[in-house]
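Architecture and fold: a report
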Amino acid sequence: MTASSEEHAAGAAVDLSGAPDWTLFDAPSLVGDSLRFVSGQPDGDRFRVRYFRDAEQHLHARIWFGPETEGPPGHAHGGAVAAVMDEGLGLAAWAAGYAIVVGNLNISFRAMLPIQKVVTLESRVVSVEGRKIMVHGRLFCGDTLFAEGQCLCITIKKENQS
Ligand SMILES: CCCCCCCCCC(=O)SCCNC(=O)CCNC(=O)[C@H](O)C(C)(C)COP(=O)(O)OP(=O)(O)OC[C@H]1O[C@@H](n2cnc3c(N)ncnc32)[C@H](O)[C@@H]1OP(=O)(O)O
């Protein structure tokens, strides 16, 4: 069993280690401390998230869906999955150098995601057209695809940047 497929009891240590060629990505140093909804409780019972970049600078995350993300019995709420993809795919655009907000997020839920499980989010910036940055992503563990999404990010107008 790999680290990414282990299941964990709430409160127990969770292995969020990345692949050997990934380096830790410090999201708050880039975007500030505001990402509390998904990333704000690294030892809590909702989400535990760690971001990484691979050698090609693509953003990845290991995410534990805790008991407080439950929707269908024993499985993650669709909104919990959407929140993770909103943050992760938006952050992928920031990591690629674009100061954005998410304008549109289209998610296909492909399989029910068991809670208390570590899964991986992978992302790619697939196009840049003017202010529109398109990011695609997949949430998976091993061969199981839980969700895939297309995220249209829009760069923030200069006057709206703090
Ligand atoms: C700071 C820390 C950031 C942390 C990392 C990110 C992770 C979190 C991600 C989020 O959760 S962000 C929060 C959720 N998103 C929002 O609250 C966004 C709310 N919407 C807006 O603020 C505005 O609608 C938006 C900035 C997206 C666009 O308004 P603007 O007035 O700046 O742009 P405009 O409406 O002129 O649109 C610019 C272009 O984008 C297109 N566009 C905008 N919104 C779209 C949309 N929703 N769908 C499709 N296209 C869209 C629009 O058609 C147009 O295309 P063209 O240039 O070709 O004419």
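Residues numbered from 1 in each chain as written. Predicted model: local features only at pLDDT ≥ 70, side-chain atom pairs only at ≥ 80, totals over all residues. Heavy atoms only, no water.

1. Examining the sheet that holds strand E1 (residues 23–24)
With respect to topology, seven strands assemble into an open sheet ordered E1-E2-E3-E5-E6-E7-E4, the strand pairing being antiparallel. A strand with exactly one partner marks an edge of an open sheet, and here the two such strands are E1 and strand E4 (100–109). Pairing between strand E6 (residues 132–141) and strand E7 (residues 144–155): ten bridges, direction antiparallel. Paired with Lys132 across the strands is Ile154, a residue of E7. Most of the contacts of helix H3 (residues 78–95) go to E4, to which it runs at about 135 degrees, and overall it touches strand E2 (47–53), strand E3 (59–65), E4, strand E5 (117–129), E6 and E7. (Pairing = 2+ DSSP bridges. Helix = DSSP H or I, 4+ residues; strand = E, 2+ residues; numbered from the N terminus. Contact = heavy atoms within 4.5 Å. Axes fitted to C-alpha atoms, helices over the stretch in contact; angles between N-to-C directions.)

2. A word on the site of the ligand
Surrounding the ligand, one finds 14 residues, the nearest of these being Asp86, Val102, Gly103, Arg131 and Lys132. Interatomic distance of 2.9 Å between a backbone N/O atom of Val102 and a nitrogen atom of the ligand. Here Arg131 contributes a side-chain N or O atom positioned 2.6 Å from an oxygen atom of the ligand. Contributing elements (two or more residues each) for the shell around the ligand: H3, E4 and E7. Of the residues in the shell around the ligand, the class split is seven nonpolar, two polar and five charged. (Near = heavy atom within 4 Å. Polar contact = N/O pair within 3.5 Å; in protein donor to acceptor, adjacent residues only side chain to side chain. Nonpolar A, V, L, I, M, F, W, Y, C, P; charged D, E, K, R; others polar.)

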